[in-house]
Amino acid sequence: MNDLKKDLVFFVDLVRAFLEEEKKQPITKAIPPKEVGHKIDVKLNEHATNEEEFQIILKKLILNSPKSATKLFYNQLYGGRQSKALIGDFLSALLNNSMATYKIAGPQVNIEKEVLDSIISIANFGKKASGTFPTGGSMSNFMSLIMARDKFNPGSITKGVEKKLIVYTSVNSHYSVSKNVSFSGVGRDNIRYVGANNKGQIDVKLLKSQIKKDIKNGLKPFYLNATAGTTVLCAFDPIEKLIPICKKYDIWLHVDGAFGGTAIFSKKYSKLLKGVGQADSFCFNAHKTLGAPISTSVLIVKNKEHLNRSFNNEASYLYQTHDNDYNLGQTSFECGRRNNALKFWCLWKSVGKKGIEKIVDKNFYLADFARKYIKSNKNYKLYSFEKTLSVCFNYKNFDPVDLCTKLYEKNKLMVGFGKFKETTFVRLVTINSENTEGDIINFFKVLEKFTLENPELVKKISSNEE
Ligand SMILES: *Cc1c(COP(=O)(O)O)cnc(C)c1O
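So, here's what we can say about the structure. In this text, all values refer to a predicted model and were calculated from it rather than measured experimentally.

Notes on the sheet that holds strand S12 (residues 423–429)
- In space, the 5 strands of this open sheet follow the order S1-S11-S12-S10-S9, with mixed pairing throughout. Single-partner strands in this sheet number two, and they are strand S1 (73–74) and strand S9 (380–382).
- Strand direction decides the pairing type here: S9 and strand S10 (residues 390–395), joined by 3 bridges, are antiparallel. Among the inter-strand pairings, Tyr 380 is bridged to a residue of S10, identified as Tyr 395.
- Against the sheet, helix H14 (residues 400–409) makes contact with S10, strand S11 (414–420) and S12, and its axis sits at roughly 165° relative to S11, the strand it touches most.
- Lying over the sheet, helix H15 (residues 437–453) contacts S1, S9, S10, S11 and S12, oriented at roughly 25° with respect to S10.

What about the sheet that holds strand S4 (residues 191–194)?
- Read across the sheet, 7 strands follow the order S2-S8-S7-S6-S5-S3-S4 without closing on themselves; strand pairing throughout is mixed. Looking at strand neighbours, the two that pair on one side only are strand S2 (130–132) and S4, the edges of this open sheet. Across this sheet, the average inter-strand angle for adjacent strands is 20°, counted without regard to direction.
- Pairing analysis gives 3 bridges linking S2 to strand S8 (residues 297–301), with the strands arranged antiparallel. Of the residues in S8, the one forming a bridge with Ser 130 is Val 301.
- Strands in contact with helix H6 (residues 107–122) are S2, strand S7 (281–285) and S8; relative to S8, the strand with the most contacts, it is inclined by about 60°.
- Relative to strand S5 (residues 220–227), helix H7 (residues 137–152) is tilted by about 160°, and along the sheet it contacts S2, strand S3 (165–170), S5, strand S6 (252–257), S7 and S8.

Describing helix H9 (residues 204–216)
- For H9, with 13 residues, the first-to-last C-alpha span of 19 Å sits near the 18 Å given by 1.5 Å per residue.
- Buried residues of H9: Val 204, Leu 207, Ile 211 and Asp 214, and no others. The buried residues of H9 all sit within an arc of 90° when viewed along its axis, so they share a single face. Away from its buried face, by an angle of more than 90 degrees, H9 presents the exposed residues Lys 205, Lys 213 and Lys 216.
- Each element contacted by the buried residues of H9 is listed here: S3, S4, S5 and helix H10 (239–249).
- Where H9 begins, the side chain of Asp 203 points an oxygen toward the backbone nitrogen of Lys 205, at a separation of 3.1 Å.

Here we look at a positive patch on the surface
- A grouping of Lys 199, Lys 268, Lys 271 and Lys 387 is seen on the molecular surface, where their side chains present a positively charged patch.
- By the secondary structure assignment, Lys 387 is in the loop between S9 and S10.
- Given the relative accessible area of 48%, Lys 387 is considered partly exposed.

Focus on the pattern of salt bridges
- Taken as a whole, this structure holds 16 salt bridges when the rule is applied.
- For the salt bridge of Glu 22 with Arg 81, the shortest nitrogen-to-oxygen distance reads 2.6 Å. Within this pair, whereas Glu 22 is found in helix H1 (residues 4–24), its partner Arg 81 is found in the loop between S1 and helix H4 (83–95), the two being separated by 59 residues in sequence.
- With a relative accessible area of 12%, Glu 22 lands in the buried category.
- A relative accessible area of 30% means that Arg 81 is categorised as partly exposed.
- A salt bridge links Glu 112 to Arg 337, with the shortest nitrogen-to-oxygen separation between them at 3.1 Å. With Glu 112 in helix H6 and Arg 337 in the loop between helix H12 (304–311) and helix H13 (341–375), this pair connects stretches of sequence that are 225 residues apart. The same class applies to Glu 112 as to Arg 337, namely buried.
- Taken together, the salt bridges that share partners define one network made up of Asp 368, Arg 371, Lys 375 and Glu 386.

Focus: the site of the ligand
- Around the ligand, the structure places 15 residues, and the nearest of them are Gly 137, Ser 138, Asp 256, Asn 285 and Lys 288.
- Considered on its own, the ligand offers 380 Å² of accessible surface; in the complex 85% of this is hidden by protein.
- Secondary-structure elements contributing two or more residues to the shell around the ligand are H7 and helix H11 (286–289).
- Here the residues of the shell around the ligand sort into 3 nonpolar, 10 polar and 2 charged.

Quick look at empty space enclosed by the protein
- Tallied over the entire structure, the rule returns 1 cavity of 30 Å³ or more.
- Approximately 30 Å³ is the volume attributed to the largest cavity.
- If you trace the largest cavity, you find it lined by Gly 79, Gly 80, Arg 81, Gln 82, Thr 289, Leu 290, Gly 291, Ile 359, Ile 431, Asn 432 and Ser 433.
- Classifying every residue of the lining of the largest cavity gives 3 nonpolar, 7 polar and 1 charged.

The rules behind the values
- Residues numbered from 1 in each chain as written.
- Predicted model: local features only at pLDDT ≥ 70, side-chain atom pairs only at ≥ 80, totals over all residues.
- Heavy atoms only, no water.
- Pairing = 2+ DSSP bridges.
- Helix = DSSP H or I, 4+ residues; strand = E, 2+ residues; numbered from the N terminus.
- Contact = heavy atoms within 4.5 Å.
- Axes fitted to C-alpha atoms, helices over the stretch in contact; angles between N-to-C directions.
- Expected span 1.5 Å × (residues − 1).
- Buried < 20%, exposed > 50% of the residue type's maximum accessible area, 1.4 Å probe, protein only.
- Arc of directions from axis to C-beta.
- Polar contact = N/O pair within 3.5 Å; in protein donor to acceptor, adjacent residues only side chain to side chain.
- Patch = residues over 30% accessible without salt bridge, like charges linked within 9 Å, V, L, I, M, F, W, Y side chains within 5 Å.
- Areas by Shrake-Rupley, 256 points an atom, 1.4 Å probe, with all protein chains shown as cover.
- Salt bridge = Lys/Arg side-chain N within 4 Å of Asp/Glu carboxyl O.
- Lys, Arg positive; Asp, Glu negative; His and termini not counted.
- Charge placed at Lys NZ, Arg CZ, Asp CG, Glu CD.
- Near = heavy atom within 4 Å.
- Nonpolar A, V, L, I, M, F, W, Y, C, P; charged D, E, K, R; others polar.
- 1 Å grid on protein atoms, 1.4 Å probe; cavity = no way out; pocket = protein on both sides within 12 Å on 5 of 7 lines; lining within 4 Å.
- Points joined across faces, edges and corners; volume = space filled by probe spheres on them.

Written out as structure tokens, the structure is:
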């Protein structure tokens, strides 16, 4: 039973079948959760399942799972598939090196350090910088918050949080900020949600006046979470304007680039992150816009002392050889940690930085293309802005929430809706660089055809301006 060589033959067959299925049926027929058990034998039993039956069940499970790499998947901020990155991920599982120490991970440590150093250099983070591969953007944000807390209130490591620490973030920032603030012991009442301008960027004036008010009240502003690519509108907070404020008031500036941070790879679009080199920490997700598998998250920190102070640990049962610079468990949250760097390295090594830049530029190009389509068609109303990867719109007077849900239930399209200020809309995100102009047009055609053929199925909104 436990025979990898034999299983690999089945595995390759299964992958082939899946790739064919992706072409034939890009949208998997949705199964209501309570019916899964009737369709697929997911039940675990006391006794072994015979090999042939096991393969049949597994195949059924795989072919009935939602497909995230097809040209009709726009539901999340990730999509598509870079095959070299996927191979790297498969190999990480095969090697199964935990990234905690050099003794167990060997050259894989150099792989992680090489990716991080290359990013540190691109982001202009300087010689004292370091980084890590956290499990995702939420965790990257968390780690940055903990480092800031420990910098301004070192006693929080041993005695717990004492000072009245205040966190700033925009109303449009990712929901992980509020969870993280509660985990950190700072407490959600100490978050100041700063309003945004009409493009979704943090309002710098409001931020300044809030900071002054808090200081006047004897509180300690210590952490600003700025976003490079907000989750809904893909708005970029003006980092350059935030730097002097953070310097003046001694505030840790973290740039959450989980969605849009990969723009640093592009000559044309890195301007959106101008000033990032002066932030204290910066993160992005290569699994969102670059087509690497989940999760490929990078966090870099201006001064590695902070990573060490907050995350290092004594453990004689773990750290038995080598310099701690090569024992990456000294700067990570986890103990046993998956090798998430190898897939990014495989992608980068194969296409070069130039290739990654092309991926980024293509995504922005596809967003421009989609916005042009919308602007040229009077049945659409556009809600998003240039130089973003979010294309937010409404079509005719269809209710966007119901439209997205019906498109999903009828197996036509995977796309989500978003909300900004008082308006809800369909959010098309161009995160799959493998898509072509034709695929983007097809997205709209599928949506238009669906509403045409099912005019009564989708709810209408009354408050439409048309
Ligand atoms: C997606 C996203 C996150 C969370 O990243 P995960 O890897 O899903 O945890 C954080 N911030 C922003 C702006 C995001 O878009």
